[in-house]
Amino acid sequence: MKKLRVLLVGAAFSSDLHSDGYSRILDKVQIVGICDKDLNRVAALAQRYGFTGYTPYDDYAAAIEQCDCDLVDICMPNFLHHDVAVKALNAGRDIICEKPLATTVEDAQDMVDTADRLGRHIYYAEDWLFAPAFRRALEILNSGKVGRPLYIRARECHSGSHSPFAQSIKYCGGGCMVHLGVHPVSFMLALKENRWSELTAMTSGGSGSNLVHRQMEGEDWAGAFLRFADGTYATLEANYVTVGGMEDVLDIYCEEGCIHVDLSFSGPVRVFSLPGLDYTVEKAEITTGWSTPAVDEKYSLGYCGEINHFVDSALAGRDAQVGLRGRDGLETLKVINLIYRSAREGVSVKNDRLEG
Ligand SMILES: NC(=O)c1ccc[n+]([C@@H]2O[C@H](COP(=O)([O-])OP(=O)(O)OC[C@H]3O[C@@H](n4cnc5c(N)ncnc54)[C@H](O)[C@@H]3O)[C@@H](O)[C@H]2O)c1
């Protein structure tokens, strides 16, 4: 069977998440190149996941030009997504792009237009859509056994990004809403096939007005209310003021039932440790006392399923499912920018592009 040849660009945090996924499907994928300006990270990543026979690169333009690959996987800081993507698409490669698609709607639109013009695919990496517990919730919802959904509440929150680029809007495109809220926003848009009708939002405003992170230009708290064309309401929330570990929570209220999912803290393992464990859950500051250590965290958060779906889609030469296409990443970014506009101007925004 032909294997998909992947060039990984970026060899740190998100690249580690994707690599875990690749390492489980080496029967259909081959990592042929890994690029990072820090070559020690390239070697460490390859060793951690047992990748062999790849070429290391420290310059992404050279890597895209020289590496004989089918797909470029972009795990780089947000402000570089556009440049890496356009170079890779122009070199005839499909791409996987981490969230958000770009730092501006203009750049994201250019990426989508470039891919369309060249007949290439953008696979937009939204892991929430592959988290097994969220998929089970959607399966129950779609079974009709809880009735029609009326109201959905979703949030991703933790205590702050590890990335130095997250401090400046120029490098990342915003604050916690663009970093974390991007997941619940994409999830809801995928569920409703992008048919949102109205939104209104509030944020902590960034810098000096933030609740905790006053050095950060973007906001550290944000909440948005959305209404969808079918009448469903949603509250979507993101913040950097949540200590104790990352929260990924989904509540679905329906006519004949409700569904509650807590991805991070509802595992079957409970531990009490006086010295503390090596690791419990993402972003947990301490590991002493009682904890609920994650079981196969990267799988539970959806990264493995997401990578598997992209590899299958690229091998078959087809688009990803709704929510994971370049145009879905673009729509998410548009909505997030309107959330920022609503919060800034204190207005409710209607979707004038909604048809039918
Ligand atoms: N889906 C998720 O849950 C999730 C989680 C974390 C990050 N992300 C996304 O992944 C992307 C990367 O974030 P991260 O946390 O992995 O960042 P990171 O800072 O951990 O890693 C970025 C890597 O890019 C390398 N790099 C930077 N500039 C470079 C250049 N010009 N040439 C070559 N290498 C360069 C750095 O050396 C670093 O190793 C971001 O878009 C972020 O939003 C997604």
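Residues numbered from 1 in each chain as written. Predicted model: local features only at pLDDT ≥ 70, side-chain atom pairs only at ≥ 80, totals over all residues. Heavy atoms only, no water.

A. Molecular detail of the overall build of the protein chain. Each helix and strand counted, the protein chain has 11 helices and 15 strands in total. Along the longest, intermediate and shortest principal axes, the C-alpha atoms of the protein chain span 55 × 55 × 45 Å. Taking as baseline every contact in the protein chain between residues at least 6 positions apart, the subset at least 24 positions apart corresponds to 69%. Surface accessibility of the protein chain: about 15400 Å² in total, with carbon and sulfur atoms responsible for 51%. Averaged over its 35 positive side-chain charges, the protein chain has a centre that lies 3 Å from the centre of its 49 negative ones. (Helix = DSSP H or I, 4+ residues; strand = E, 2+ residues; numbered from the N terminus. Contact = heavy atoms within 4.5 Å. Areas by Shrake-Rupley, 256 points an atom, 1.4 Å probe, with all protein chains shown as cover. Lys, Arg positive; Asp, Glu negative; His and termini not counted. Charge placed at Lys NZ, Arg CZ, Asp CG, Glu CD.)

B. Quick peek at the site of the ligand. Close contacts around the ligand come from 19 residues, with Asp36, Arg41, Asn78, Lys99 and Tyr303 the closest. The separation between an oxygen atom of the ligand and a polar main-chain atom of methionine 76 is 3.2 Å. In the complex, the protein chains occlude 87% of the 850 Å² of accessible area that the ligand would expose alone. (Near = heavy atom within 4 Å. Polar contact = N/O pair within 3.5 Å; in protein donor to acceptor, adjacent residues only side chain to side chain.)

C. Quick peek at the pattern of salt bridges. Summed over all chains, the structure comprises 24 salt bridges. Notably, a salt bridge pairs aspartate 70 with arginine 5, separated by 2.8 Å at the nearest N-O pair. Remark: arginine 5 occurs in strand β1 (residues 4-9) and aspartate 70 occurs in the loop between α3 (60-66) and β4 (71-74); sequence separation between them is 65 residues. Judged by relative accessible area, aspartate 70 falls into the buried class, the value being 17%. Residue classification places arginine 5 among the partly exposed residues on the basis of a relative accessible area of 25%. Between arginine 327 and aspartate 319 there is a salt bridge whose closest N-O contact spans 3.5 Å. For arginine 327, a relative accessible area of 44% translates into the label partly exposed. Among the residues examined, aspartate 319 registers a relative accessible area of 31% and is labelled partly exposed. Residues joined in a network through salt bridges with shared partners are Asp16, Asp20, Arg24, Arg48, Asp296 and Lys298. (Salt bridge = Lys/Arg side-chain N within 4 Å of Asp/Glu carboxyl O. Buried < 20%, exposed > 50% of the residue type's maximum accessible area, 1.4 Å probe, protein only.)

D. Molecular detail of the sheet that holds strand β12 (residues 257-262). A sheet is described by the order of its strands in space; here 7 strands give the open sequence β12-β11-β7-β10-β9-β8-β15, paired in mixed fashion. Each edge of the open sheet carries a strand with a single partner, namely β12 and β15 (349-350). Alignment of strand β9 (residues 221-228) against strand β10 (residues 233-239), held across 7 bridges, turns out to be antiparallel. Bridged to alanine 222 within β10 is alanine 238. Against the sheet, helix α8 (residues 176-191) touches β7 (149-157), β8 (196-203), β9, β10 and β11 (247-254), its axis set at about 155° to β10. Strands in contact with helix α11 (residues 326-345) are β8, β9 and β15; relative to β8, the strand with the most contacts, it is inclined by about 50°. (Pairing = 2+ DSSP bridges. Axes fitted to C-alpha atoms, helices over the stretch in contact; angles between N-to-C directions.)

E. Region of interest: the packing of aromatic side chains. Going through the model one piece at a time under the given rule, you end up with 10 aromatic pairs. With a centroid separation of 5.6 Å and an interplanar angle of 70°, the aromatic rings of phenylalanine 165 and tyrosine 171 are classed as edge-to-face. What links up through ring pairs into an aromatic cluster is the set Phe79, Phe165 and Tyr171. (Phe/Tyr/Trp six-rings, centres within 6.5 Å; stacked < 30°, edge-to-face > 60°.)

F. Local environment of the side chain of histidine 18. Relative to the helices and strands, histidine 18 is located in helix α1 (residues 13-23). For histidine 18, a relative accessible area of 0% translates into the label buried. If we skip the residues at most four places from it in the chain, histidine 18 touches Asp73, Cys75, Ile96, Glu98, Ala125, Glu306 and Ile307.

G. Up close: the pairing of β10. Among the 7 residues in β10, 5 count as buried, and that is most of the element. Pairing of β7 with β10, which is carried by 7 bridges, proceeds in the parallel orientation. Bridging across to β10, arginine 155 finds its partner in glutamate 237.

H. Main features of the nonpolar core. Of all hydrophobic cores here, the largest spans 106 residues; its most connected members are Leu7, Tyr22, Ile34, Val72, Val84, Ile95 and Leu101. Ranked by residue count, the leading element in this core is α8, at 10 residues. Shared between two domains, this core holds at least three residues of each, these being domain 1 (4-126 + 307-324) and domain 2 (129-302 + 333-350). Those residues in contact with isoleucine 34 that sit more than four places away from it in its chain are Leu7, Leu8, Ala11, Val42, Leu45, Ala46, Phe51, Tyr54, Thr55, Pro56 and Tyr57. (Core = buried A, V, L, I, M, F, W, Y, C linked by side-chain atoms within 4.5 Å. Domains from an automatic or database assignment.)

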